[in-house]
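Summary of structural features
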Amino acid sequence: MRNRLRDYTLYLMKRNDNGKKPIKRAAKNVPSLLTRGKAVKESARSVYRTIFVCLKDRGGFKLVYGHTIEWRMGPLDYEVKIWRKHNVDADMFVFFCDLTSIDVLSAFIDKGETEITCSDGTKSTVSFRHDTNEKSTLGINSLSQEYNPFMSYFTEVERWFSTGRDFLGVPISEFHLLHKKELELVERSYGISLNEHPHLIGTFASFLPTRLRADISRHEASGKSWIEFRCVDEFDEYGNASVEIYVKNKNGDNNITVKPRLASDYNFLIPFDPDFCRVEIRYGNKPIYRSEGYFIRGIALTLNVQESKLSIAGETVDRTSQHEIMIKAKTHE
Amino acid sequence: MNEWDKRRREIGEDADFDPLTTIPMLEFDNDVLNSIKLRIRKEFDSKIVKNIVVIDPYFGPADIGLITSVFGSVLSRTITVVTNLESVEIDDESDDQSKEDIANKMRTLVAELKGKQVFNDFLIFKTNAGIHDRMLFSPDIGCSSLFFVVGASYNMLFKKYSYIVRVTNASMRYKMIQLFELYKKQGYQI
């Protein structure tokens, strides 16, 4: 599922520890994520991790789904410099490449078509139709139903899509059923589930993750309860950004708001049993991080333990015993 | 609501994808029978399911093996079958078997299951109420997602084009349990 790409992304999240002072990037408000790429590429090495999922159609390729991720390179990141082409199944193909310039994608968005040369020397024309675009942000929210290639990054996203509900003459809600097998294979290889998120079909997106990871945890000892806030600013870009942490109990009648600075770790006492927490970080006036969620109160595990094999009425059955385990957190209310 | 959110909501509602709402014979896998059996087993094994109900007017001895292979994977379950004993096929040998012969054959298989402790219990009810629709569900608390209607008898599901549909409507699930109780009341355990 999508966690595969997230895991891969987590693997990429390495601090720049090569001894050199990381290059700072100023937060700016610019009109488009694609054009903003130009503003930062001279001062920091980023690539545009791009994937096209395409359906071969009359000699060309129609974009079924595509995205690019503006990714700041760390010392352990690899790079795919030439377009790779993968025939997933039947007429479904995937192309992927780490582009060093955004220009190709800008032209692709503007013209609705691009020609790419793959590592096997073949040329392929990919076409895409859209009539609108929207920008938004993706916070870290476990309850969100929206597709997000990142599990722990606040992400700015711009999407290009058609306002219609058809794709290649078929209702989108049916297109993914017609190509269920191919799309399952795309998910297995690339972690993008178009069966789970059919609204992504016929769209292209640009993701810009804020390379900031925050961790908040609750602790209890000696009759005291406190919350620890830790933050990793991967490229030391956001210095003294302002943080706001809001914590409340289950009923919401007890709550607390604290406003530490990003630069240091921070602990604060909680005089009630916390249930919900929201963290917002701003750099200047710009939001660069937002997460919200509930503290874990218990974990329910269902264990299937293999016991034996059995033959009955001509059928062989693997048998397991089931066990349910509940791990509960302490509360002091 | 912005255009993207509207798109996600509308297409999501229209698509309503569920791997267990399907016509098995149209599935792309070569081994349809095992593929669908595995999907059903995975769905039921993902929860603590102690009771499973099978309603099928044509349920016969051959179906006991199928039910065992799908649901016998987990210990301590109780299977309850409601049937009209309309099955006329016993191992495809003849079409003139009496219902009592069918009942005897099933009693033998159930005794074997009990001897091997495959299930906590395996109950078969012959009802006098007319059954038309085939149903498969767990009445256990917390298992409301495990309600299905099936378009054919289980032994034909992988031989003819028919459907499995998950019942998501709470009122219908309640009716299915009511019907199950009615069938039992108007019948007897064989």
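Please refer to the structure higher up on the page.
Residues numbered from 1 in each chain as written. Chains lettered and ligands numbered in written order. Predicted model: local features only at pLDDT ≥ 70, side-chain atom pairs only at ≥ 80, totals over all residues.

Observations regarding the overall build of chain B
Looking only at helices and strands, one finds five helices and seven strands in chain B. Each helix and strand of chain B, ordered N terminal to C terminal, gives the series α-α-β-α-β-α-β-β-β-β-α-β. Counting only contacts in chain B whose residues sit at least 6 apart along the sequence, the fraction spanning at least 24 positions is 70%. (Helix = DSSP H or I, 4+ residues; strand = E, 2+ residues; numbered from the N terminus. Contact = placed C-beta atoms within 7 Å.)

Some remarks on the overall build of chain A
Within chain A, the regular secondary structure consists of five helices and 21 strands. Counting all 333 residues of chain A, 27% fall into the buried class. Sequence separation of 24 or more characterises 61% of the internal contacts of chain A that already satisfy a separation of 6 or more. (Buried ≥ 20, exposed ≤ 12 C-beta atoms within 10 Å, placed from the backbone.)

A few points about the sheet that holds strand β6 (residues 164-166) of chain B
As a general point, the strands of a sheet are linked pairwise by backbone hydrogen bonds and lie either parallel or antiparallel. All names here are of chain B. Taken in spatial order, the seven strands line up as β6-β5-β4-β1-β2-β3-β7 in an open sheet, and their pairing is mixed. Two strands close off the open sheet at either side, each with one partner strand: β6 and β7 (187-189). On average, adjacent strands in this sheet sit at an angle of 20° to one another, irrespective of strand direction. One ladder, built from four bridges, connects strand β4 (residues 134-137) with strand β5 (residues 147-150); its direction is antiparallel. Note on β5: the bridge partner recorded for R134 is V150. (Pairing = 2+ DSSP bridges. Axes fitted to C-alpha atoms, helices over the stretch in contact; angles between N-to-C directions.)

A word on the environment of I36(B)
Residues and elements named next belong to chain B. Of note, I36 is situated in helix α2 (residues 32-45). With 21 C-beta atoms packed within 10 Å, I36 lands in the buried category. Sequence separation between I36 and I23 is 13 residues; the distance between their C-alpha atoms is 9.9 Å. The residues touching I36, leaving out its near neighbours within four places in the chain, are P24 and E27.

Focus: the nonpolar core
Of all hydrophobic cores here, the largest spans 41 residues; its most connected members are C54(A), V186(A) and I201(A). Of all the secondary-structure elements, those providing two or more residues to this core are β1 (46-57), β2 (60-72), β4 (92-99), β9 (155-161), α4 (172-178), α5 (180-190) and β12 (203-209) of chain A together with α1 (3-15) of chain B. Counting 34 residues, the second-largest nonpolar core is a separate cluster that includes V70(B), F71(B), L85(B) and V150(B). (Core = buried A, V, L, I, M, F, W, Y, C linked by C-beta atoms within 7 Å.)

A look at the interface of chain A and chain B
On the side of chain B, 27 residues touch chain A, which itself brings 31 residues to the contact. Listed by contribution, the elements that provide at least two residues to the side of chain A that touches chain B are β7 (132-138), β9, α4, β20 (298-312) and β21 (315-328) of chain A. For the side of chain A that touches chain B, the leading source of residues is β21(A), giving eight residues.

Some details on the sheet that holds strand β14 (residues 224-233) of chain A
Residues and elements named next belong to chain A. Sheet architecture is open: three strands sit in the order β13-β14-β17, paired in antiparallel fashion. A single partner strand is all that each edge strand has here, and the edge strands are β13 (212-221) and β17 (266-269). If you compare each strand with its neighbour and ignore which way they point, the axes differ by 20° on average. Bridge count between β14 and β17: four bridges; the pairing is antiparallel.

Notes on the packing of helix α3 (residues 61-71) of chain B against helix α4 (residues 99-115) of chain B
Residue and element names in this part refer to chain B. Running from N to C, α3 and α4 cross one another at 25°; their axes reach a closest spacing of 9 Å. As summarised for this structure, α3 and α4 are arranged roughly parallel, according to the angle between their axes. For the pair formed by α3 and α4, the contact residues are P61, I64 and T68 on the first element and I102, K105, M106, L109 and L113 on the second. Class assignment of the residues belonging to the contact of α3 with α4 gives a composition of six nonpolar, one polar and one charged. (Parallel < 35°, antiparallel > 145°, perpendicular 65-115°, else oblique. Nonpolar A, V, L, I, M, F, W, Y, C, P; charged D, E, K, R; others polar.)

Regarding α3(B)
Because an α-helix completes one turn every 3.6 residues, residues spaced three or four positions apart along the sequence face the same direction. Of all the 11 residues making up α3(B), nine are buried; the element is thus mostly covered by neighbouring parts of the structure. Looking at α3(B), one finds that the buried residues are P61(B), D63(B), I64(B), L66(B), I67(B), T68(B), S69(B), V70(B) and F71(B).

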